[in-house]
Amino acid sequence: MEIYEAIRMRTSTREFLQDPVEEGKLLRILDAARLAPSGKNGQPWTFIVVRDPRTRKLLVSACKNQQFLGEAPVVVAVCGREEDAYKKMGGYWNSMPVDIGIAVEHLMLAAQAEGLGTCWIGAFIEEEVRNILSVPKEVKIVALTPVGYPAHEPVIRPRKHLDEIVMYERWQEK
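If you're wondering where the values come from, they're calculated on a predicted model, not measured in any experiment.

Parameters at a glance
- Residues numbered from 1 in each chain as written.
- Predicted model: local features only at pLDDT ≥ 70, side-chain atom pairs only at ≥ 80, totals over all residues.
- Heavy atoms only, no water.
- Buried < 20%, exposed > 50% of the residue type's maximum accessible area, 1.4 Å probe, protein only.
- Helix = DSSP H or I, 4+ residues; strand = E, 2+ residues; numbered from the N terminus.
- Pairing = 2+ DSSP bridges.
- Contact = heavy atoms within 4.5 Å.
- Phe/Tyr/Trp six-rings, centres within 6.5 Å; stacked < 30°, edge-to-face > 60°.
- Core = buried A, V, L, I, M, F, W, Y, C linked by side-chain atoms within 4.5 Å.
- Arc of directions from axis to C-beta.
- Polar contact = N/O pair within 3.5 Å; in protein donor to acceptor, adjacent residues only side chain to side chain.

Trainee: Quick rundown of the pairing of strand β2 (residues 74–80)? Include the residues and the values.
Mentor: Remember that side chains alternate between the two faces of the sheet whenever the strand is regular. Of all seven residues that make up β2, seven are buried, and the element is covered over most of its length. By the alternation rule, side chains of β2 split into Val74, Val76, Val78 and Gly80 and Val75, Ala77 and Cys79, which are all buried. Pairing geometry for strand β1 (residues 45–50) and β2, over six bridges, is antiparallel. Residue Phe47 lies in a different strand from β2, and its bridge partner there is Val78. With seven bridges joining them, β2 and strand β4 (residues 140–148) adopt antiparallel strand pairing. Bridging across to β4, Cys79 finds its partner in Ile141.

Shown next, in the form of structure tokens:
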């Protein structure tokens, strides 16, 4: 799949077939995430791949009962280490959330190109996910995503037009 088509077609998938994700596809999407750029090349991410059905079901509760998370054959939890991130982004914060956002988007676009669906999960209780996945306290859990074959054709939601979101040369009041 061509990159612009993957970008246009990627949507949040919340219904999955029970078909397993082939190991080669999973490794390719994880590799795409690994190749993401990061501040000062710190690569502050770690990806936890969860296939065990019992663990996925436990994650449903920790993710505010989003049932589809447990129905996907794979869940990827994306964790970050602030000490590995660039410390002075914008002069006042570290790059970890942005770095991980880029890596997750690489993973999601690669999944789309492989015919797989994903959904960025930001609604979760970090301490519960931490306990389920044995994540050390100094590591932040930034996002989770189910990965699997979509049960339905995607519904492409409308987006703002470029003239609504792009300014040239300086900020311009609309």
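Still more ground to cover, so stick around.
Trainee: Please set out the side chain of Ser95 residue by residue, giving values where relevant.
Mentor: Turning to its location among the elements, Ser95 is positioned in the loop between β2 and α5 (96–113). Filtering out sequence-adjacent residues up to four positions away, Ser95 remains in contact with Gly39, Ala85, Tyr86 and Met89.

Trainee: If you had to explain the packing of aromatic side chains to someone new, which residues and values would you point to?
Mentor: On inspection of all chains with the given rule, the structure shows two aromatic pairs. When the ring of Trp45 is compared with that of Phe47, the centres are 6.5 Å apart and the planes differ by 40°; the resulting orientation is tilted.

Trainee: Any chance you could break down the nonpolar core for me, citing the residues and the numbers?
Mentor: Counting residues in hydrophobic clusters, the biggest one holds 24 residues, and the most contacted among them are Ile29, Phe47, Val76, Leu107 and Val147. Mapped onto this core, the elements with two or more residues apiece are α2 (23–34), β1, β2 and α5. At eight residues, α5 tops the list of elements feeding residues into this core. Dropping the residues within four chain positions of it, Val147 is found in contact with Phe16, Val21, Ile29, Ala72, Pro73, Val74, Val76, Leu116, Gly117 and Thr118. If you look at the next biggest cluster of nonpolar residues, it comprises 21 residues, including Leu59, Val60, Phe68 and Leu144.

Trainee: Any chance you could break down helix α3 (residues 53–62) for me, citing the residues and the numbers?
Mentor: Buried residues of α3: Thr55, Arg56, Leu59, Val60 and Ala62, and no others. Looking straight down α3, one finds its buried side chains confined to an arc of 165°; they lie on one side. Among the exposed residues of α3, those oriented more than 90 degrees off its buried face are Arg54 and Leu58. Those residues of α3 that are buried are in contact with β1, α4 (67–71), β2, α6 (126–133) and β4. One side-chain oxygen at the N-terminal end of α3 lies 3.3 Å from the backbone nitrogen of Arg54; it belongs to Asp52.

Trainee: Go over the pairing of β4, please, and point to the residues and values.
Mentor: Judged by how many residues are buried, β4 sits mostly within the fold: seven of nine residues are covered. Sheet topology note: the strand β3 (residues 117–118)/β4 ladder contains two bridges and is antiparallel. Considered in β4, the bridge of Gly117 is made with Gly148.

So far we have only geometry, and geometry alone does not tell us how the molecule works.
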